[in-house]
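Examination of the molecular architecture
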Amino acid sequence: MKKRIAVIPGDGIGVDVTREAVKVIRCLGPILGVSFELQEYGFGAERYLQTGETLPAGALDEFRTFDAVYMGAFGDPRVPDMRHAADILLGTRFGLDLYVNHRPVKLLAVDLCPLKGRGREDVDFVVFRENTEGLYVGMGGCFKKGTPDEVATQIDMNTRKGVERIIRHAFEYAKARGLGRVCMSDKSNVLTYGHDLWQRVFEEVRSEYPEIESRHLYVDALTMQMIKDPSQFDVIVTCNMFGDIVTDLGAQLQGGLGLAASGNIHPGGAAMFEPVHGSAPKYAGKDVANPLGAILTVQLMMEHLGLDRGADLIERAAIDAIEKRQVTRDLGGSLGTRAAGDALCEAMTRLAD
């Protein structure tokens, strides 16, 4: 079996941790009997500064020919407006219509959770964030900019098609995995029009899945409940902006952004996977960045590719490494980025026997 993966390391520590993610993919190949064909693309700040080009013409069509795309973090202080990051990352999301942002929230070690008395069984849910609409589409502008009379608008765009497909995906995911609860979150008591659409579509779709317990929470109530009792959630589905915020809170419940993975998916079509931490330029090349978020992103990619054994091995190896403190300093270990990646590969090989 062959799987083709496009790799874009990105900027800053994105390069460092992507290197370890690729190391894990190559380690998995002989274990799973899969030939991973990896093709690297140097899209990022350096290329942009040299050529003025962000995402070349034809890049998205080329991405469609791969089984998956893996991206590192983007961001460089030499590009203050981060145009290259927006063009590459958001351009890929919108251009490939990757409407599902898949963010698992899973605690791997009890001592990483900031909540008192909570264990691994309490923090284990997934958030689906609508990924191609909302406030992120960039509709709006400034009138009389730079004057005392300036007016700025940002349009929150929601379509019937976009809302329905992400809500339906959440229910289908729950149904396929035997998960009993789906929670939709919005702010329809204030955001009257777009989120009224979310309410109406949710009511229609939930009626098709009577076997799944479904409920609605305003997003402020959701964030409170995530802290009070995260065990009450299996699947959460929400809009683009709220999903961005809620998933970072979820990441903190599992130990921080250094452990957070994400997938950007068009079911049955293209998919792009990325760790969600930043590029942290001041730490780039210093062998100190935590690679686990990048590696757990590979786990999510393996699940998407139907390589469940590979995904399971990565999770078990990550737990093993955390418990043995064979991790970076932020997780209580003393290893550098490269050594932490090596430790994961060693653990996978050992656990596969």
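Please refer to the structure placed before this passage.
Notes on the structure in this doc start here. (Residues numbered from 1 in each chain as written. Predicted model: local features only at pLDDT ≥ 70, side-chain atom pairs only at ≥ 80, totals over all residues. Heavy atoms only, no water.)

**Observations regarding the overall build of the protein**
Summing up its helical and strand segments, the protein has 11 helices and 12 strands in all. In terms of C-alpha radius of gyration, the protein reaches 20 Å, essentially the compact-globule figure of 20 Å for 353 residues. With the C-alpha coordinates of the protein rotated into their principal frame, the extents come out at 55 × 50 × 40 Å. Classification of the 353 residues of the protein by burial places 53% in the buried group. When contacts within the protein are restricted to residue pairs at least 6 apart in sequence, those whose partners lie at least 24 apart make up 74%. Per element, the accessible surface of the protein, about 15,200 Å² overall, is 52% carbon and sulfur. For the protein, the distance from the average position of its 40 positive side-chain charges to the average position of its 49 negative side-chain charges is 2 Å. (Helix = DSSP H or I, 4+ residues; strand = E, 2+ residues; numbered from the N terminus. Rg over C-alpha atoms; globule rule 2.2 N^0.38 Å. Buried < 20%, exposed > 50% of the residue type's maximum accessible area, 1.4 Å probe, protein only. Contact = heavy atoms within 4.5 Å. Areas by Shrake-Rupley, 256 points an atom, 1.4 Å probe, with all protein chains shown as cover. Lys, Arg positive; Asp, Glu negative; His and termini not counted. Charge placed at Lys NZ, Arg CZ, Asp CG, Glu CD.)

**Re the pairing of strand S4 (residues 100–106)**
Most of S4 is tucked away, with 5 of its 7 residues classed as buried. Where S4 lies against strand S11 (residues 261–265), 3 bridges are found, and the strand directions are antiparallel. Within S11, the position partnered with His-102 by the bridge is Gly-263. (Pairing = 2+ DSSP bridges.)

**Some remarks on the sheet that holds strand S10 (residues 235–238)**
Spatially, S2-S1-S3-S12-S11-S4-S5-S10-S8-S9 is the arrangement adopted by the 10 strands of the open sheet, whose pairing is mixed. Where the open sheet ends on each side, the last strands, each with one partner, are strand S2 (35–40) and strand S9 (213–218). Put simply, the sheet's adjacent strands are angled 25° from each other on average, direction ignored. Against the sheet, helix H1 (residues 13–32) engages strand S1 (2–8), S2 and strand S3 (68–71), with an angle of about 155° to S2. Sheet strands touched by helix H4 (residues 83–95): S3, strand S5 (124–130), S11 and strand S12 (271–275). Its angle to S12, the strand with the most contacts, is close to 145°. (Axes fitted to C-alpha atoms, helices over the stretch in contact; angles between N-to-C directions.)

**Considerations on the environment of Asp-320**
Here Asp-320 lies in helix H10 (residues 308–323). The class for Asp-320 is buried, based on a relative accessible area of 12%. Sequence-wise, Asp-320 and Phe-233 are 87 residues apart; in three dimensions their C-alpha atoms are separated by 26 Å. For Asp-320, the residues in contact, after removing those within four places along its chain, are Ala-347 and Arg-350. Within the local environment of Asp-320, its side chain forms a polar contact with the side chain of Arg-350, the two groups lying 2.8 Å apart. (Polar contact = N/O pair within 3.5 Å; in protein donor to acceptor, adjacent residues only side chain to side chain.)

**Points about the layout of surface pockets**
In this structure, the largest pocket spans a volume of roughly 790 Å³. Every residue lining the largest pocket is counted, 30 residues in all, and those nearest its centre are His-102, Pro-104, Tyr-173, Leu-300 and Glu-303. Looking at the lining of the largest pocket, the elements that each hand over two or more residues are S4, S5, helix H5 (160–176), S11, helix H9 (292–304) and H10. Sorting elements by how many residues they give to the lining of the largest pocket places H10 first, with 6 residues. Within the lining of the largest pocket, the residues separate by chemical class into 15 nonpolar, 6 polar and 9 charged. Of the voids in this model, the second largest pocket is the one considered here, and its volume is about 490 Å³. Taken together, 24 residues form the lining of the second largest pocket, with Leu-89, Arg-93, Asp-244, Glu-274 and Val-276 sitting closest to its centre. (1 Å grid on protein atoms, 1.4 Å probe; cavity = no way out; pocket = protein on both sides within 12 Å on 5 of 7 lines; lining within 4 Å. Points joined across faces, edges and corners; volume = space filled by probe spheres on them. Nonpolar A, V, L, I, M, F, W, Y, C, P; charged D, E, K, R; others polar.)

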